[in-house]
Amino acid sequence: MSRAAHPAGPRYADVLHGSGVPAPPADLNALEAKVWPSSARREEDGQITIGGVPLRRLAEEQGTPAYVIDEADWRMRARAWLAAFGDHDPAEPPVHYASKAFLSKAVARWAAQEGLGLDVCSGGELATALAAQFPAHRLTFHGNNKSSAELVRALEAGVGRIVLDSFEEIDRLAGLAADRGLRPRVMVRVTVGVEAHTHEFIATAHEDQKFGFSLSGGLAAEAVRRVLKHDALDLVGIHSHIGSQIFDTSGFEVAAHRAVGLVAAIRDEHGIRLPELDLGGGLGIAYTSEDDPADAFDIVAGLKAIVARECFGYGLAVPRLTVEPGRAIAGTPGITLYEVGTVKQLDGLRTYVSVDGGMSDNIRTALYDAAYTCALASRNSDAAPMLARVVGKHCESGDIVVRDTWLPSDITAGDLLAVAATGAYCRSMASNYNHALRPPVVAVDGGDTRVLLRRETEVDLLALDLG
Ligand SMILES: Cc1ncc(COP(=O)(O)O)c(C=O)c1O
Ligand SMILES: N[C@@H](CCCC[NH3+])C(=O)O
């Protein structure tokens with residue numbers, strides 16, 4: 001097959017304006033380990049395989065776009081988080097996978113089999129976990145505006161913890177529990193006042209926001225008083241979640257410090273010792289070579305040390321520490337596979353490579369200005385690097401998948417393109433914009449493929465349309 005090479009080189013406004021576009025990698029065919037699933041390889045025939053499955057075969061069998069998850073890598077990351085905590089009671093796992101990152105029944109079963117708990121934050125996530133027979137006592141139920149129906153469902157299912165997020169909810173849950181003769185274990189979500197270094201939309205512990213009860217404003221202490229007035233609520237701990245895609249671990253340390261301070265204040269005021277402390281999720285992953293995330297072992301060791309030190313200072317017994325990683329388990333094992341449809345070169349401006357998906361399967365670039373790494377997946381190429389923008393097929397100029405990336409200048413229609421680290425918050429935030437059909441999610445392992453979620457069809461779309 002002959003391919004006409006597009007003129008190569010950094011010629012574009014982005015480079016001139018210094019938007020931080022990295023220099024072209026030494027080898028465009030190389031797959032940087034920290035960004036790609038652990039089983040990703042470029043084979044001798046030039047194509048990429050993941051979980052032993054050649055991506056050309058996967059595209060032929062499943063079509064594109066498709067989300068692909070390296071199951072063994074997902075499980076390995078889940079196990080690493082648990083191992084970082086060492087011995088624990090299997091009925092009370094210290095790690096709860098944040099299912100908002102990506103959930104299907106199979107994923108809930110992976111989490112159950114690996115011994116994790118699960119954080120759910122909607123009726124739909126709860127229903128999926130229960131449909132997968134996920135042990136309800138290992139579920140934590142979150143949300144800043146849970147409906148009464150959702151709370152009843154959680155109560156009746158016997159979820160392990162309900163995280164209380166508003167004064168209305170405290171009274172609402174207490175009433176619903178009392179009516180049923182139940183006494184759920186609850187935590188109070190506290191906003192600890194940390195400005196996490198991440199995108200504004202995914203920081204959750206600064207004061208001006210919808211989640212939790214502010215610590216500095218005294219609302220957290222007031223929430224605890226309110227919970228303790230209700231016999232139907234069993235207050236077991238404090239919950240803090242400072243945000244997502246965070247690299248600077250000092251934010252977690254400040255959160256731990258302040259949360260333990262609140263536990264001490266509660267002991268002093270009420271004479272009770274809260275046995276649990278959940279410090280949420282938020283650990284960042286590598287989307288590009290620029291990102292250098294901490295690993296689970298270092299994070300957990302750091303959190304344990306600071307909680308122990310703070311507790312010692314207050315003369316408190318160390319509470320049972322739990323965390324809720326989502327992205328750090330599910331992000332890197334997943335990729336999205338697209339087919340290139342057009343390559344449009346705008347002289348002196350930019351080259352646009354259009355793929356057969358876009359903002360409907362990955363909204364993160366448009367929403368958070370997220371950066372991604374991508375690679376030609378169906379073959380390798382010795383063509384010179386070309387700075388390009390990978391865009392989707394939606395009627396929106398902000399429909400960008402990868403803002404700036406180096407691709408071989410002979411890239412052409414029919415090539416497959418893999419975007420790395422899309423296992424978290426891509427399928428779970430996907431939409432039907434322009435009546436796009438949401439792509440399938442395919443697990444790969446040991447050379448086999450297994451469809452976890454099938455591709456949507458026009459029949460699915462039209463089934464909702466009552467005419
Ligand atoms: C309460 C809570 N726990 C856990 C998470 C998971 O975050 P991440 O995927 O960044 O680990 C989130 C999302 O930010 C969250 O809101
Ligand atoms: N959806 C966000 C993370 C938010 C996590 C939920 N609190 C992302 O894609 O980065």
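- Looking at an unreviewed UniProt entry, the protein chain carries the name Diaminopimelate decarboxylase, with the source organism given as Actinocrinis puniceicyclus.
- In its Sequence similarities (unreviewed entry) section, the UniProt entry covering the protein chain states "Belongs to the Orn/Lys/Arg decarboxylase class-II family. LysA subfamily."
- In the Catalytic activity (unreviewed entry) part of its UniProt record, the protein chain is described as follows: "meso-2,6-diaminopimelate + H(+) = L-lysine + CO2".

Points about unusual backbone geometry
Part 1 of the reasoning: Along the chain, T64 connects to P65 via a cis peptide bond; the corresponding omega equals -10°.
Part 2 of the reasoning: With respect to the helices, strands and loops of the structure, P65 is situated in the loop between α2 (55–62) and β4 (66–70).
Part 3 of the reasoning: With a phi close to 60°, A421 is a non-glycine residue in the positive phi region.
Part 4 of the reasoning: Relative to the helices and strands, A421 resides in the loop between β19 (416–419) and β20 (441–445).
Part 5 of the reasoning: Notably, N434 is not glycine yet its phi reads approximately 60°, a positive angle.
Part 6 of the reasoning: By relative accessible area, N434 is classed as partly exposed at 38%.

A short note on the site of ligand 2
Part 1 of the reasoning: Near ligand 2 lie eight residues; those nearest to it are R327, R364, Y368, Y425 and M429.
Part 2 of the reasoning: Take R327: an N or O atom from its side chain is 2.6 Å from an oxygen atom of ligand 2.
Part 3 of the reasoning: At 2.9 Å, a side-chain N or O of Y368 approaches a nitrogen atom of ligand 2.
Part 4 of the reasoning: Bound to the protein, ligand 2 loses 84% of the 310 Å² it would expose on its own.
Part 5 of the reasoning: Of the residues assigned to the shell around ligand 2, the class counts are four nonpolar, one polar and three charged.

As for the nonpolar core
Part 1 of the reasoning: W74, W81, Y97, L118, I162 and I238 are the most contacted members of the largest nonpolar core, which has 130 residues in total.
Part 2 of the reasoning: Per-element tally for this core: the top contributor is helix α9 (residues 250–270), with nine residues.
Part 3 of the reasoning: What I238 contacts, discounting residues up to four positions off in sequence, is M187, V188, V190, V224, A259, L262, V263, I266, L274, E276, L277 and D278.

The rules behind the values
Residues numbered from 1 in each chain as written. Chains lettered and ligands numbered in written order. Predicted model: local features only at pLDDT ≥ 70, side-chain atom pairs only at ≥ 80, totals over all residues. Heavy atoms only, no water. UniProt positions renumbered as here; feature names shortened; annotations may be inferred. Helix = DSSP H or I, 4+ residues; strand = E, 2+ residues; numbered from the N terminus. Buried < 20%, exposed > 50% of the residue type's maximum accessible area, 1.4 Å probe, protein only. Near = heavy atom within 4 Å. Polar contact = N/O pair within 3.5 Å; in protein donor to acceptor, adjacent residues only side chain to side chain. Areas by Shrake-Rupley, 256 points an atom, 1.4 Å probe, with all protein chains shown as cover. Nonpolar A, V, L, I, M, F, W, Y, C, P; charged D, E, K, R; others polar. Core = buried A, V, L, I, M, F, W, Y, C linked by side-chain atoms within 4.5 Å. Contact = heavy atoms within 4.5 Å.

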